[in-house]
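An overview of the molecular structure
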Amino acid sequence: MIMRNKYKGMTVNERLYVSNLMDKFDGAVKKKDVVTVISILEEVELTSEESIVPILESLKLYGKIYEYKRKNFIKNTRKYFKFLETEFEFNEPNCLFSKQENGAIVSDSMEYENILLNRKIIISNHYHPVDYGFQINIVDIKSGADEMLCYVLKEKQDIKQEYLKEQAEVLRNYCKK
């Protein structure tokens, strides 16, 4: 049985100390390993983006959160939208990205195509602070007509990009029609 609120009322440092994770956490911070930092914070029951982001900001790791979200977006899109290939005969996704002149990746897109249905489905996410976030677009290949099926503003996204599971169901229902 998992015990919840084990660390209630404790500071982050107290949580890390009593869980014997202080050295591991400090090592991850020095390496700028945001994946491990977030994993450790979750282990000491800090699970919401509202509690994790300020810590990453104070550690000067906030910029790394976009890399973490990007990896989760790609992994979870492949996982949750696999049904496009298996159930609806779309091709494997063409993975694209956009980056700024400084090399920072600002968006990822996964494009699934089905020539027989004359459809392309573009699943994209934007990480740059002024962009809107996630969206699914349905494109008519011949005419180029583009319809946005759904979107999730970046402010409504979780760090692990688990909202994609729900969005996959929206698309699955759309495809069944």
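What comes next concerns the included structure. (Residues numbered from 1 in each chain as written. Predicted model: local features only at pLDDT ≥ 70, side-chain atom pairs only at ≥ 80, totals over all residues. Heavy atoms only, no water.)

**Considerations on the overall build of the protein**
Counting its secondary structure elements, the protein contains 7 helices and 5 strands. Reading the protein from its N terminus to its C terminus gives the helix and strand order α-α-α-α-α-α-β-β-β-β-β-α. Counting only C-alpha atoms, the protein reaches 60 × 45 × 25 Å along its principal axes. Long-range contacts, defined as pairs at least 24 residues apart, comprise 46% of the intrachain contacts of the protein with a sequence gap of at least 6. Surface accessibility of the protein: about 11000 Å² in total, with carbon and sulfur atoms responsible for 50%. Separation between the mean location of the 28 positive side-chain charges and that of the 28 negative ones in the protein comes to 3 Å. (Helix = DSSP H or I, 4+ residues; strand = E, 2+ residues; numbered from the N terminus. Contact = heavy atoms within 4.5 Å. Areas by Shrake-Rupley, 256 points an atom, 1.4 Å probe, with all protein chains shown as cover. Lys, Arg positive; Asp, Glu negative; His and termini not counted. Charge placed at Lys NZ, Arg CZ, Asp CG, Glu CD.)

**Regarding the nonpolar core**
By size, the foremost hydrophobic cluster in this structure holds 22 residues, and its most contacted members are Phe81, Leu84, Ile121, Ile123, Phe134, Ile136 and Leu171. Put simply, the parts of the chain that give this core at least two residues each are helix H5 (64–80), helix H6 (83–86), strand E2 (105–114), strand E3 (119–126), strand E4 (133–140), strand E5 (146–153) and helix H7 (164–176). Top element by residues in this core is H7. It accounts for 4 residues. Those residues in contact with Phe134 that lie beyond four places of it in its chain are Phe73, Phe81, Ile123, Ser124, Asn125, Cys150, Tyr151, Val152, Gln157, Tyr163, Leu164 and Gln167. By size, the runner-up hydrophobic cluster in this structure holds 21 residues, among which are Leu21, Ile40, Val53 and Leu61. (Core = buried A, V, L, I, M, F, W, Y, C linked by side-chain atoms within 4.5 Å. Buried < 20%, exposed > 50% of the residue type's maximum accessible area, 1.4 Å probe, protein only.)

**Thoughts on the pairing of E4**
Within E4, 7 of the 8 residues are buried, which leaves the element mostly enclosed by the surrounding structure. Summarising the sheet, E3 and E4 pair through 7 bridges and their orientation is antiparallel. If you follow Ile122 over to E4, its bridge partner there is Asn137. Taken together, the 7 bridges between E4 and E5 define a ladder with antiparallel strand orientation. When the sheet's bridge partners are listed, Asn137 is paired in E5 with Met148. (Pairing = 2+ DSSP bridges.)

**Quick look at the pattern of salt bridges**
The full count for this structure, using the stated rule, is 7 salt bridges. Arg70 serves as the salt-bridge partner of Asp108, at 2.7 Å between the closest nitrogen and oxygen. Here Arg70 lies in helix H5 and Asp108 lies in strand E2, a separation of 38 residues in the sequence. Note on Arg70: relative accessible area 23%, which makes it partly exposed. (Salt bridge = Lys/Arg side-chain N within 4 Å of Asp/Glu carboxyl O.)

**A few points about helix H4 (residues 49–58)**
Glu49, Ile52, Val53, Ile55 and Leu56 are the residues of H4 that are buried. In a view along the axis of H4, the buried residues occupy a sector of 165°, so they form one face of it. Facing away from the buried side of H4, by more than 90 degrees, are the exposed residues Glu50 and Ser58. Lining the buried residues of H4 we find helix H1 (12–18), helix H3 (34–43) and H5. The positive-phi residue at the C-terminal boundary of H4 is Lys60, with phi of around 60°. (Arc of directions from axis to C-beta.)

**Some words on the packing of H5 against H7**
Where H5 meets H7, the closest approach of the two axes is 10 Å, and the angle between their N-to-C directions is 40°. In terms of orientation, H5 lies oblique with respect to H7. Considering how the two elements wind past one another, H5 and H7 form a crossing that is right-handed. Seen from H5, the contacting residues are Asn72, Phe73, Asn76, Thr77 and Tyr80; seen from H7, they are Leu164, Lys165 and Ala168. Of the residues in the contact of H5 with H7, the class split is 4 nonpolar, 3 polar and 1 charged. (Axes fitted to C-alpha atoms, helices over the stretch in contact; angles between N-to-C directions. Parallel < 35°, antiparallel > 145°, perpendicular 65-115°, else oblique. Left-handed = near helix turned anticlockwise from the far one by under 90°. Nonpolar A, V, L, I, M, F, W, Y, C, P; charged D, E, K, R; others polar.)

**Side note on unusual backbone geometry**
Residue Asn20 is not a glycine yet carries a positive backbone phi of 60°. Structurally, Asn20 can be placed in the loop between H1 and helix H2 (22–31).

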